[in-house]
Amino acid sequence: LQRHVAAISGGLATWVPRIHAPSGVIRVTATAGSGKTQLALRVLRDARAAGHRAAYVCFNRSLADHLQDIAPAGVQVSSFHQLCWVAAGKPEAVPDFEVLAQQYIHSLGAAEPDLDVLIIDELQDMQADWVSPLIGRVRGDGLIYLLDDPSQSLYADRDGIDIPDAVVVSSQENYRSPRQIVAAINLLNLTDDPVQACSPFEGELPGIQHFKPEGGSLVKTTVEAVQRCLAKGFALSDITVLCWRGREKSALMDLDQLGGWSLTRFIGQYDESGQPIWSDGDLRMDTLRRFKGQACPAIVLTEIDFNSLDAIKRNLLFVGMTRAGMHLELVMTETAEKLLAGFANSSGSSSEPDVV
């Protein structure tokens, strides 16, 4: 299934590089699972084959780490804040990234352009004043690809970024997520425009398990959700547990074991070369925000608890649901489920009547 999805989702990678933009800037606004990562890899490979100097910059550090593993050698792959940290001489003290960002932006203003091709991914999460200096790194005849998805914007303080001369390509086709999960996303109205289900896999509606915020049922319910995935035939290596809360507030991220399974998780530290340090274990656990841009066959999205569904929570839920390539389990409070049910009922009729 994964090989087939990779084959049919290569459309962006096939025809976007053929587009001629007089300004040299192409902006791809595309939903999760539409093939943006394949496009990025195609552009980077073509650049290296042509002997061009290329760079990929995103917001999420874990996405940069993932791309670094699969991108061609010789391409600069980094998060924006990594660039700032390296430019500052890799300080050992806990960095003040706001200060480092301003220093890096200032240094770019005095530097000569050094790139032939630049990809800025997760544009929706970038600060507007970061983007122009990054674009300034590209030589006059170079190419710039801006990849974004407004439905994956996770920061309330981000303003829309306008690039007037960019050629804009839009796509709402999702090839990765099972059709039933896409139907649930549309039923909940999690995106401004409906997502088009293009996966060959029908799948199932997400499983829902309840936990009580007080009483210690979160661990037990999360374990049961993992067991449901195992019962469907997934190996532990095919399952990722994603925490709704960040590392500092999560009740699970500091655990060494979950239900007897040892956990592999980012411990919040980096080695001397700046690479993240992970604990050794059989079951992967991460935060939802860190896992953005990645995917796994079976996802357990746990700790879901909210009393209102604002734009950021709606986007968080969309990001979490679209990480699953085959199966999704949601572990949430009854309050959160009732709120979602009311939101679905008030969103009007669904284009998927069998799901309703």
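That block above? That's the structure.
In this numbering scheme, every chain counts its residues from 1 along its sequence in written order. pLDDT decides what is reported in this predicted model: residues at 70 or higher carry local features, side-chain atom pairs at 80 or more are listed and counted, and totals for whole chains, interfaces and linings draw on all residues regardless. As a rule here, side-chain values cover all heavy atoms of the structure and leave hydrogens and water aside.

1. Notes on the layout of surface pockets
No. 1: Here the term cavity refers to a set of points on a 1 Å grid, laid over the protein atoms alone, in which a 1.4 Å probe fits but cannot get out; the term pocket refers to an open set having protein on both sides within 12 Å along at least five of seven lines, with lining residues being those that place an atom within 4 Å of a point. Grid points are joined across faces, edges and corners, and a volume is the space filled by probe spheres set on the points. Of the volumes computed, that of the largest pocket is approximately 1,200 Å³.
No. 2: Numbering of helices and strands runs from the N terminus, with a helix taken as a DSSP run of H or I at least four residues long and a strand as a DSSP run of E at least two residues long. Residue assignment for the lining of the largest pocket shows that the elements contributing at least two residues are helix 4 (61–70), helix 5 (80–87), strand 13 (266–270) and helix 10 (288–291).
No. 3: In this classification, the charged set is Asp, Glu, Lys and Arg, the nonpolar set is Ala, Val, Leu, Ile, Met, Phe, Trp, Tyr, Cys and Pro, and all remaining amino acids, among them Gly, are polar. Partitioning the lining of the largest pocket into residue classes produces 11 nonpolar, 9 polar and 12 charged.
No. 4: As a volume, the second largest pocket reaches approximately 840 Å³.
No. 5: Thr37, Arg176, Gly293, Gln294 and Ala295 are, among the 35 residues lining the second largest pocket, the residues nearest its centre.
No. 6: Going through the elements one at a time, helix 1 (2–8), helix 3 (36–49), helix 4, strand 16 (296–304) and strand 17 (324–332) are the ones with two or more residues in the lining of the second largest pocket.

2. Some details on the sheet that holds strand 5 (residues 138–148)
Adjacent strands of a sheet form backbone hydrogen bonds with each other and so pair up, either parallel or antiparallel.
No. 1: Strand order in the open sheet formed by 6 strands is 3-2-4-5-1-6, with parallel pairing between adjacent strands. Single-partner strands in this sheet number two, and they are strand 3 (76–79) and strand 6 (167–171). Strand after strand, the sheet turns through a mean of 15° between neighbouring axes, direction not considered.
No. 2: Any two strands between which DSSP finds at least two bridges are classified as paired. Note that strand 2 (residues 54–58) and strand 4 (residues 115–120) share 4 bridges and pair parallel. Paired with Ala54 across the bridge in strand 4 is Val117.
No. 3: Residue contacts are defined here by distance: any two heavy atoms, one from each residue, within 4.5 Å place the two residues in contact. Note on definitions: angles span 0 to 180 degrees between N-to-C directions of axes, and those axes are lines fitted to C-alpha atoms, for helices only across the stretch in contact. Relative to strand 3, helix 4 is tilted by about 165°, and along the sheet it contacts strand 2 and strand 3.

3. Structural notes on the side chain of Thr222
No. 1: Following the sequence through the fold, Thr222 ends up in helix 9 (residues 217–231).
No. 2: Not counting residues within four places of it along the chain, the set of residues in contact with Thr222 comprises Val241, Leu252, Leu258, Val300, Thr302 and Val331.

4. Some remarks on helix 11 (residues 311–321)
One turn of the α-helix equals 3.6 residues, which is why residues spaced by three or four share an orientation.
No. 1: Each residue's exposure class comes from its accessible area (1.4 Å probe, protein chains only) as a fraction of the maximum for that residue type: buried when under 20%, exposed when over 50%, partly exposed otherwise. Burial analysis of helix 11 places 9 of its 11 residues in the buried class, the great majority of the element.
No. 2: Looking at helix 11, one finds that the buried residues are Ile312, Arg314, Asn315, Leu316, Leu317, Phe318, Val319, Gly320 and Met321.
No. 3: What qualifies as a polar contact is a pair of N or O atoms within 3.5 Å, subject to a donor-acceptor requirement within protein and to the restriction that residues adjacent in sequence count only when both atoms come from side chains. One side-chain oxygen of the residue at the start of helix 11 lies 3.3 Å from the amide nitrogen of Ile312, identifying that residue as Asp310.

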